[in-house]
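Residue-level structural notes
Spelled out, the chains give:
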There are 2 protein chains.
Amino acid sequence: MSDQTDDIAAVRRFNRFYTRIIGLLEEGMHRTRFTLSEARMIHEIGKRGATSGSELASELGMDPGQVSRLLWRLVDQDQVYITPGDDDRRRSRVSLTADGDKTCARLNIMSDEAAAGLLEPLDRSGRRRLVQAMKLVMRLLSGSPEKGPLAFRPHRIGELGWLTYRQALLYNQEYGWNSEFETLIARIYADYEDAPATPPKALWLADFDGEVAGSVFVVPAAGEEKTAQLRMLYVEPTFRGKGIGGMLVDHAVKFARNAGYRRMILWTQDCLVSARKIYQAAGFTLARDERHQSFGADLNGQYWVLDLEN
Amino acid sequence: MSDQTDDIAAVRRFNRFYTRIIGLLEEGMHRTRFTLSEARMIHEIGKRGATSGSELASELGMDPGQVSRLLWRLVDQDQVYITPGDDDRRRSRVSLTADGDKTCARLNIMSDEAAAGLLEPLDRSGRRRLVQAMKLVMRLLSGSPEKGPLAFRPHRIGELGWLTYRQALLYNQEYGWNSEFETLIARIYADYEDAPATPPKALWLADFDGEVAGSVFVVPAAGEEKTAQLRMLYVEPTFRGKGIGGMLVDHAVKFARNAGYRRMILWTQDCLVSARKIYQAAGFTLARDERHQSFGADLNGQYWVLDLEN
DNA sequence: CCGAATAGTTGACAACTTCAACTATCTCGT
DNA sequence: ACGAGATAGTTGAAGTTGTCAACTATTCGG
């Protein structure tokens, strides 16, 4: 309950804060001979090449009447020209004149400078954290059913720690696992990294616009010839239900097959329901299971196998 | 260079995005009989108890003239009363009437609801990440010379991974250390966590409004009776120069002394200049040093000692 | 081919922004 | 003690923005 109100207060504080930031940025526009609305309109027309008034109205959230008057004012200033639409003569085609193009470019530079002014006091690492945090805020607030470019890539420095952090936190929240699990996976990741390059191993992060959406890795199974082990499959809660887990497993299976492994195994817990479905879909079969007590919970461990030779 | 332009583009995208969010939130205010400016003014007066017009003008970024007219409109609506200032009769005292208080409370509830609407689609973990990201954006953009409440607290689940992530990344950026360092510290943190409770050990995070500003821990030194070892002192770049490192070390030394240790040792590298100064200031003396090759760099390790018995 | 929907224009009015002129009051240095 | 200059607030004027409603021209569906 107090969490709730704290969060709300923090969000409101941020809203007030960012209202100021936006105000400061817009201030800079007053050095031009255009008003803020005019500048936004020119920018929008420049971005789309040629549009209609109604599109501008909905995109900028303006009243159609205001759009109309604003456009004609820009026509008077020779920034914009309006021609009747070709197929639909209600619709007008709005485009920038040569002058308007120049203005648009100038405004863009000014906006860039304003944004650069925000970044200016920060060092490289600070900038990266700022941009990452902004992207996260956007993604969380926009609900993000957006299907952007998802890339599988190797891990970068520090990201083994990041994966430990996220998974320890997640499985604690979802299943109550304690710090025993955190130290276990910290060692698993360290062992992965320190293992020799052969027999083949690989780790991928699912990267969504710079944000880690999930990960998995493949190592040679201990003591078993020509057998690969799939480990640490995980998908961020906000990215679930998009098939990322399945893609990661398929990717890993393909890698193992190409690397010459004959068999693939994995060890999981029966409480991880959605993971189980993914393994089944990838062709794994349950070989045996075993009760055990770990991470402060009663678990049912499962051992799954996939034959890679057919 | 491309990084630079990418960051600028990301910041501009965020600005546009958040302009919309703020617009949506303000939309809700139209259900009241007050305009946005009036609402903001009432809220601001409510927050400060009693102010002057000029303070309101600068706080809300409004023209003094507009503030004057707005205030008198609110006086007409019986939300606000204005009395001449006591000591300075140019200055007026602006306060809320009983009606104004009620209005202010009502507006606050509406703002809370609007903010809650943003949080509503998110689960607990999503909310926490959103709030954290917002706080980070604020801190990075406000330059944060602010001295808020700094607390030393034990680590929570996942934070050993977080510390691994941050330190691996940092020391890679600053000194070029490779993943050998990352796996080493991952194991060091895991060992810390799995060690028995006696002889005494402790780890603290410097917590600044929910954000990790730095950390350090103390363990019994291997093989040496009554000797404590200080390890993994680190301060986030954005929090440096505020004495946090020194406070962490002092805290650790005090703990070791209270826990009955007679001596304290630590192992560091000579390239970590500011850390060295902190150790000196805490009374440590350099016992010996030793060249070695680790983490893909040529290093000069240093062994420092502090006698706890005087 | 008619009624409904859509694109855009125009008028009216209240509120906001910006600038400049103006009064009253205070501060500071001499 | 006093005058120059700064500060707090008020008022006027002109232009811009936000909102609503009425209106024309055009297109679409049946």
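Values in this document were obtained by computation on a predicted structure and should not be read as measured data.

1. What about the relation of the copies chain B and chain A?
At an RMSD of 0.4 Å, chain B and chain A line up after a rotation of 180 degrees and a shift of 0.1 Å along the axis. When the rotation and shift are considered jointly, the pair of chain copies conforms to a two-fold rotation axis. Both copies contact each other with a shared surface, as 100% of the interface residues of chain B are interface residues in chain A too.

2. Let's talk about the protein's contact with DNA strand C
Around DNA strand C sit 24 residues, and of these Ser-54, Gly-65 and Ser-68 of chain A together with Ser-37 and Asp-63 of chain B come closest. Of all the secondary-structure elements, those providing two or more residues to the surface near DNA strand C are helix 3 (53–60) and helix 4 (64–76) of chain A together with helix 2 (36–48) and helix 4 (64–76) of chain B. It is helix 4 of chain A that provides the largest number of residues to the surface near DNA strand C, a total of five residues. Considering only residue class, the surface near DNA strand C consists of five nonpolar, eleven polar and eight charged.

3. Brief notes about the sheet that holds strand 9 (residues 285–294) of chain A
All names here are of chain A. Judged by pairing direction, the sheet is mixed, and its seven strands sit side by side in the order 4-5-6-7-8-10-9 without closing on themselves. Strands at the two margins of the open sheet, each flanked by one partner only, are strand 4 (150–153) and strand 9. Within this sheet the neighbouring strands show an average axis-to-axis angle of 20 degrees, counted without direction. For strand 6 (residues 211–220) and strand 7 (residues 227–235), the ladder comprises six bridges, and the chain directions are antiparallel. Considered in strand 7, the bridge of Phe-217 is made with Arg-231.

4. Things to note about the pairing of strand 6 of chain A
Residue and element names in this part refer to chain A. Burial runs high along strand 6: eight of the ten residues are buried. Pairing of strand 5 (residues 202–208) with strand 6 involves seven bridges; the strand directions are antiparallel. Across the sheet, the residue bridging to Ala-206 is Gly-214, located in strand 6. The turn linking strand 5 back onto strand 6 is made up of two residues, and Asp-209 within it adopts a positive phi angle of 50 degrees. Here strand 6 hands over to strand 7 after six residues, with Gly-223 in that stretch at a positive phi of 75 degrees.

Definitions and cut-offs
Residues numbered from 1 in each chain as written. Chains lettered and ligands numbered in written order. Predicted model: local features only at pLDDT ≥ 70, side-chain atom pairs only at ≥ 80, totals over all residues. Least-squares fit on C-alpha atoms with pLDDT ≥ 70 in both. Contact = placed C-beta atoms within 7 Å. Near = placed C-beta within 6 Å. Helix = DSSP H or I, 4+ residues; strand = E, 2+ residues; numbered from the N terminus. Nonpolar A, V, L, I, M, F, W, Y, C, P; charged D, E, K, R; others polar. Pairing = 2+ DSSP bridges. Axes fitted to C-alpha atoms, helices over the stretch in contact; angles between N-to-C directions. Buried ≥ 20, exposed ≤ 12 C-beta atoms within 10 Å, placed from the backbone.

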